[in-house]
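# Examination of the molecular architecture
Given next are the chains, with one letter for each unit.
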Amino acid sequence: MTGNGLLIIGDVVTDVVALHAGSARSGLAVGTDTAADIVLRPGGSGANTASWAARLGADARILTRAGFDTADWHAAELRRSGVRAHLRVDPDRPTAVVIAMVDVTGERSMLTNRGAGGHIGTGDWDESLLEGVGHLHLSGYTLFAEPGLQLARLAMAEASRRGVSISVDPASTGFLRSFGTERFMLETAAARLIIPNLDEALLLAGENDAEEAARRLSLHYGAAAVKLGSGGALMARDGKLAARLPALATEVVDSIGAGDAFAAGLLTALLGGAGDEAALEAGCRAGAEAVTVLGGRPRVVPSDLGTNELYPLNTN
């Protein structure tokens, strides 16, 4: 028996976000200071997606691994967002950290240390995590370290056995190239939906056109929803273009988390029975909201808080 829950396996990250006055062309001042507004935010692709999904009304859950240094803070932030978090605490490693440098256009460059997140593995898994779950979503970052790859295999096998649908977000072209695109597609063949950005779609499909890439990926996965940034998004299913929508006009403050929000909107709508075009529109709306805030999570105010309980913290 499956339910309506959305289980995400992915990372939780401490984001150090620096909004500076440079641009992609001018860059940072080398060898001296560049003025910036710098903030600390909870982040991580998996945790961001879970937080946006909870904001949009989903029964959002996450399996993740945080470090000894900031686990309590991250647990509290997930709870504030309404996410049901199964959060393992690594006693030997700090939480993953990303330093995100955001330019005046909202585009970002990132320095990443995966910390505890790079060590999530099968020991963190429990079959009970799938109780009441209708869909499993994997952040691609999980697959790029051996323990996480073993976890992804185990979770996808159990989800498939239970009739739980699966999706995957490739996460990073750099990691994809190192991991191998053919290997990635083989390891994630159980997924029936892939949610790449444009660069990831082109790389995985070996194409130069977004629509062709989406069609090719949909032949492998069944469906592909490609995030096009300012160009909107498109969906292909079984080798045919199913929908294409433009981006919503909005003032871009920070693009961090926009793709995660898009995935949350899309998956929440699909879980609710929406068709491809309506789900794509929900994803675009969530992505448009995400770029108006600094950091990768939705704004949380008391009225946003749900009643979901937080799973107890565990040390493993």
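Report on the accompanying structure. Just so you know, these numbers come straight off a predicted model, no measurement behind them.

### Some details on the overall build of the protein
Looking only at helices and strands, the protein features nine helices and 14 strands. Rg of the C-alpha trace for the protein: 18 Å, near the compact-globule value of 20 Å for 316 residues, within the 12% margin. Taken across its 316 residues, the protein has 52% of its residues classed as buried. In the protein, the share of contacts with a sequence separation of at least 24, taken over all contacts with a separation of at least 6, comes to 72%. When the accessible surface of the protein is summed, it comes to about 13,500 Å², and 50% of that surface belongs to carbon and sulfur atoms. One way to put it: in the protein the 27 positive side-chain charges average out to a point 3 Å from where the 37 negative ones average out.

### Describing unusual backbone geometry
Backbone geometry follows two general trends: most residues other than glycine have a negative phi, and most peptide bonds adopt the trans configuration. Even without being glycine, Ala 171 reaches a positive phi, approximately 85°. Locating Ala 171 in the fold gives a position in the loop between strand 9 (165-169) and helix 4 (173-179). Positive phi, close to 55°, is recorded for Asp 238, a residue that is not glycine. When you line up the elements, Asp 238 lands in the loop between strand 12 (233-237) and strand 13 (240-245).

Cut-offs used in this document
- Residues numbered from 1 in each chain as written.
- Predicted model: local features only at pLDDT ≥ 70, side-chain atom pairs only at ≥ 80, totals over all residues.
- Heavy atoms only, no water.
- Helix = DSSP H or I, 4+ residues; strand = E, 2+ residues; numbered from the N terminus.
- Rg over C-alpha atoms; globule rule 2.2 N^0.38 Å.
- Buried < 20%, exposed > 50% of the residue type's maximum accessible area, 1.4 Å probe, protein only.
- Contact = heavy atoms within 4.5 Å.
- Areas by Shrake-Rupley, 256 points an atom, 1.4 Å probe, with all protein chains shown as cover.
- Lys, Arg positive; Asp, Glu negative; His and termini not counted.
- Charge placed at Lys NZ, Arg CZ, Asp CG, Glu CD.

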